[in-house]
Amino acid sequence: MGKTTGFIEFKREMPAHRPVTERVKDWREVYAPFSEHSLRQQAARCMDCGIPFCQSGCPLGNVIPDWNDLVYRGDWKAAYERLSATNNFPEFTGRICPAPCETACVLGIIDDPVTIEQIEQEIIEYAFREGWVHAEQPVRRTGKKVAVIGSGPAGLAAADQLNRAGHRVTVLERDDRIGGLLRYGIPDFKLEKWVLDRRLDVMKKSGIQFITRAEVGGSYACSRLRKFDAVVICTGATKPRNLPVKGRKLSGIHYAFDYLRQQNKLNQGDDLCRENVEHINAAGKDVIVIGGGDTGSDCVGTANRQGASSVTQFELLPTPPDERPEHQPWPYYPMILRTGSSHQEGADRHWSIMTKAFEGKNGYVESLKTIRTDFVGQKIIEHSDTQKSWPADLVLLAIGYTGPESDGIVDSLGLKLDHRSNFKTGSDYQTNVPGIFAAGDARRGQSLVVWAISEGREAARHADAYLSGFIALPTKGAGDLPHR
C-alpha cells in the first residue's frame, strides 16, 4: 500500500449529512459533498493486511485494496477500471449497500473500518465526470438472442454482461419504466433517479433493448419467448408478506412497496389521479411502520418528508446489541443496532412488539393494539399484561416478501419452485427447463442489491456458456474479459 501508516494517522470520516430541517423538505440525497483530499486520506487507511477479508465480505468479490490504493495515489482512471471490472453498477452499491465489506475489514478488528462504500461511490462519480463511462458495443455479435425478464439490479447486471459477451439482449419489464426496485422501491433521498437514468442511457447505447409494459405470462410467455435462444428470469421477490390480524381490511393499511412506489412516481411527475388509484399520503397523520428493516426505514423517511404528525416504527424482534455479539464474530456481518438517516429525522422506535389487531370506524383504521414479546429459542412468548393501543391514521406493512409473483410464468413455461416458493435452479442457475435461467431475489429470496448484481452476473456467465459452449465471462472477483 502507498501509505503504510495511513490507518494510524487518519481516523474514519464520512461526508456530513445535510441538516435535517433542510433535507426533509426535499427528495434529494442526504449527504453533503466530500472533498477529494478527505477521500484520499480515507483511502490511505486501507492496510497492507495480507489477506483482504473485505473481498470475501463483498458478494461481488470486489478487489477493494487495489482501488483504495489507486485512489490514495490519485490514479482515478485505474481505480475506475479496477472497480468496474467486478461491479457493473458501483453508483448503486456505493449509495444503497449496507457494506458487508466494511464489517469484514481487517482494520475493523481494532478500529473503525475503512470507508469502502464511500470511496466506491466517489470513484464512479469521478469517472462519469471525466467521461470515462461510455457505451461500448461488443467487437462481434454472436447471433444469439437473450430475453431478460425484469429490470431490477439482477436483470440489469445480467443484461449488461450478456451484451458484453456479444449476444442480442432484450429486457422485458412489466412496469411503465425501467429499473424495478431501483426505480420504484428505493426513495430518491437514497438513490436519485437521474443516477439510474444515466446508467440506462449507457446501456441502451451499448445495444441493449428495453421494452416496458411487458407482462410475461400466459400467451406472451409461450409465444414471444420462443424467439429467444435463452431466457434469464430476474423478476425479484415482490409478493409482500401480509399481517392477517383482526381489522386488516380497514382502509389506511398498506404494503410498504405500494407506498414507496407512489411517492417515486410522484417525484417523476406522474399524476396519480389519472391512474385512478388511492393516494397514500402521510401528511398530518399518525403513521405506524410495522417492520424494522431497510424498507421500514425508507417508509419513515418518506413519511417525514410528506409531513406526518408522528412516525412510530415497530419491530417484532428484540433490540439488537450496540456491539458485535459473540456468536457473530469478525468477519461475519453482525446484527447490531443501526440508526439510519431516516431515524435521525424523527421516529419513535420500539422492539419486541407484536401487532394483535387493527381498530377503526366507518371502514378506516384509527388505532392498533400491540403486545410485548420475548423470544425463547424459536418460540415467541407474549406478555398479556402489556397490551397497548396506539393511534394510527396510516399503517405501513414493511415485514418482507414471501417470494416472486410467479403464477403466470410458472404455468406457462413449466418451471419448478423450491420449498421457499423461489424459482428452483441448479448450481448453474438454470431452471428445470433448458435454456431458462433465474437470478436475484427470484432465485435466492429477498436479499441485498449487491447480491442481486452478483446473481445477475453469475446467471449471465452460465447462460453465455449454454449459448456458446464455453465460459468466457468472468467468475466472481475476476475482471471482465475484452469484448468479443
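Use the structure listed above.
Residues numbered from 1 in each chain as written. Predicted model: local features only at pLDDT ≥ 70, side-chain atom pairs only at ≥ 80, totals over all residues. Heavy atoms only, no water.

## Examining the overall build of the chain
Line of reasoning, step 1. When helices and strands are counted, the chain shows 20 helices and 15 strands.
Line of reasoning, step 2. Relative to the 2.2 N^0.38 estimate, which gives 23 Å for 484 residues, the radius of gyration of the chain is 23 Å and therefore close to what a compact globule would have.
Line of reasoning, step 3. Based on the C-alpha atoms only, the size of the chain along its principal axes is roughly 65 × 65 × 45 Å.
Line of reasoning, step 4. Every one of the 484 residues in the chain was classed for burial, and the buried ones make up 53%.
Line of reasoning, step 5. Within the chain, contacts between residues at least 6 apart in sequence are counted, and of these 68% link residues at least 24 apart.
Line of reasoning, step 6. Accessible area for the chain stands at about 21,500 Å²; split by element, carbon and sulfur atoms hold 49% of it.
Line of reasoning, step 7. Charge-centre separation for the chain: the mean point of 61 positive side chains lies 5 Å from the mean point of 61 negative side chains. (Helix = DSSP H or I, 4+ residues; strand = E, 2+ residues; numbered from the N terminus. Rg over C-alpha atoms; globule rule 2.2 N^0.38 Å. Buried < 20%, exposed > 50% of the residue type's maximum accessible area, 1.4 Å probe, protein only. Contact = heavy atoms within 4.5 Å. Areas by Shrake-Rupley, 256 points an atom, 1.4 Å probe, with all protein chains shown as cover. Lys, Arg positive; Asp, Glu negative; His and termini not counted. Charge placed at Lys NZ, Arg CZ, Asp CG, Glu CD.)

## Some points on the pairing of strand β10 (residues 353-361)
Line of reasoning, step 1. Here eight bridges tie β10 to strand β11 (residues 364-376), and the two strands are oriented antiparallel to one another. Counterpart to lysine 361 in the pairing with β11 is tyrosine 364.
Line of reasoning, step 2. Adjacent in sequence and paired antiparallel, β10 and β11 are bridged by two residues, among which asparagine 362 carries a positive phi angle near 55°. (Pairing = 2+ DSSP bridges.)

## Side note on the packing of helix α9 (residues 116-130) against helix α12 (residues 193-205)
Line of reasoning, step 1. Packing of α9 against α12 brings their axes to within 13 Å, and their N-to-C directions diverge by 55°. Compared by their axis directions, α9 and α12 come out oblique. Considering only the axes of α9 and α12, their crossing is left-handed. Of α12, the residues touching α9 (which contributes Ile124, Glu125 and Phe128) are Trp194, Arg198, Arg199 and Val202.
Line of reasoning, step 2. Looking at side-chain class alone, the contact of α9 with α12 contains four nonpolar, no polar and three charged residues. (Axes fitted to C-alpha atoms, helices over the stretch in contact; angles between N-to-C directions. Parallel < 35°, antiparallel > 145°, perpendicular 65-115°, else oblique. Left-handed = near helix turned anticlockwise from the far one by under 90°. Nonpolar A, V, L, I, M, F, W, Y, C, P; charged D, E, K, R; others polar.)

## Notes on a nonpolar patch on the surface
Line of reasoning, step 1. Taken together, Leu316, Leu317, Phe375 and Ile380 make up a surface patch of nonpolar side chains, about 290 Å² in accessible area.
Line of reasoning, step 2. Summarising the element assignment, isoleucine 380 is placed in strand β12 (residues 379-391). (Patch = residues over 30% accessible without salt bridge, like charges linked within 9 Å, V, L, I, M, F, W, Y side chains within 5 Å. Salt bridge = Lys/Arg side-chain N within 4 Å of Asp/Glu carboxyl O.)

## Overview of helix α5 (residues 64-73)
Line of reasoning, step 1. With seven of ten residues buried, α5 is to be regarded as a mostly interior element.
Line of reasoning, step 2. Those residues of α5 that fall on the buried side of the exposure criterion are Ile64, Pro65, Trp67, Asn68, Asp69, Leu70 and Val71.
Line of reasoning, step 3. Here the buried face of α5 lies against α3 (36-44), α4 (53-57), α6 (76-84), α8 (100-103) and α9.
Line of reasoning, step 4. Just downstream of α5, glycine 74 is the residue with a positive phi angle, here 85°.

## Quick look at the sheet that holds β11
Sheets are built from strands paired through backbone hydrogen bonds, the pairs being either parallel or antiparallel.
Line of reasoning, step 1. Across the sheet, which stays open at both edges, the three strands sit in the order β10-β11-β12 with antiparallel pairing between neighbours. With partners counted over all chains shown, the strands left at the sheet margins are β10 and β12, one partner each. Looking at each pair of strands side by side, their axes are set apart by 20° on average, direction ignored.

## Observations concerning the sheet that holds strand β8 (residues 310-315)
Line of reasoning, step 1. Ordered by their spatial adjacency, five strands build an open sheet running β6-β13-β7-β8-β9, and the pairing between neighbours is parallel. Each having just a single partner strand, β6 (253-255) and β9 (348-351) make up the two edges of the open sheet. Strand-to-strand twist in this sheet, taken as the mean axis angle between neighbours without regard to direction, amounts to 20°.
Line of reasoning, step 2. In this sheet, β9 lies alongside β8 in parallel orientation, the contact comprising four bridges. Each bridged residue has a counterpart across the sheet, and for threonine 312 the counterpart in β9 is aspartate 348.
Line of reasoning, step 3. Across the sheet, helix α14 (residues 256-267) lies against β6 and β13 (394-397), angled at about 80° from β6, the strand it touches most.

## Considerations on unusual backbone geometry
Line of reasoning, step 1. Cis geometry is adopted by the peptide bond preceding proline 331, which originates at tryptophan 330 and carries an omega value of 10°.
Line of reasoning, step 2. Of note, serine 352 is a non-glycine position whose phi angle comes to about 55°, a positive value.
Line of reasoning, step 3. Examined against the element boundaries, serine 352 turns out to sit in the loop between β9 and β10.

## Here we look at the packing of aromatic side chains
Line of reasoning, step 1. This model, assessed by the stated rule, comprises seven aromatic pairs.
Line of reasoning, step 2. Cluster of aromatic residues (ring-pair linked, three or more members): Trp76, Tyr126 and Trp132.
Line of reasoning, step 3. Across from the ring centre of phenylalanine 189, 4.0 Å away, lies the NZ or CZ of arginine 305, which sits over that ring.
Line of reasoning, step 4. If you follow arginine 443 out to its NZ or CZ, it ends over the ring of tyrosine 429, 4.0 Å from the centre. (Phe/Tyr/Trp six-rings, centres within 6.5 Å; stacked < 30°, edge-to-face > 60°. Lys NZ or Arg CZ within 6 Å of the ring centre and 35° of its normal.)

## Describing the environment of valine 245
Line of reasoning, step 1. Take valine 245: it is sitting in the loop between β5 (239-240) and β6.
Line of reasoning, step 2. A sequence separation of 89 residues divides valine 245 from proline 334, and the C-alpha atoms of the two residues are 32 Å apart.

## Points about the nonpolar core
Line of reasoning, step 1. With 71 residues, the main nonpolar core has Ile123, Leu156, Leu182 and Val232 as its most contacted residues.
Line of reasoning, step 2. It is helix α20 (residues 449-468) that provides the largest number of residues to this core, a total of eight residues.
Line of reasoning, step 3. Other than its neighbours up to four places away in sequence, leucine 182 contacts Phe92, Ile96, Pro153, Leu156, Leu191, Lys193, Leu196 and Val449.
Line of reasoning, step 4. Counting 17 residues, the second-largest nonpolar core is a separate cluster that includes Ala147, Val231, Ile409 and Ala438. (Core = buried A, V, L, I, M, F, W, Y, C linked by side-chain atoms within 4.5 Å.)

## So, the pairing of β13
Line of reasoning, step 1. A two-sided burial pattern is seen for β13, the buried positions comprising Leu394 and Leu396 on one face and Val395 and Leu397 on the other.
Line of reasoning, step 2. By the bridge criterion, three bridges tie β6 to β13 in an arrangement that is parallel. Directly across from tyrosine 255, in β13, lies its bridge partner leucine 397.

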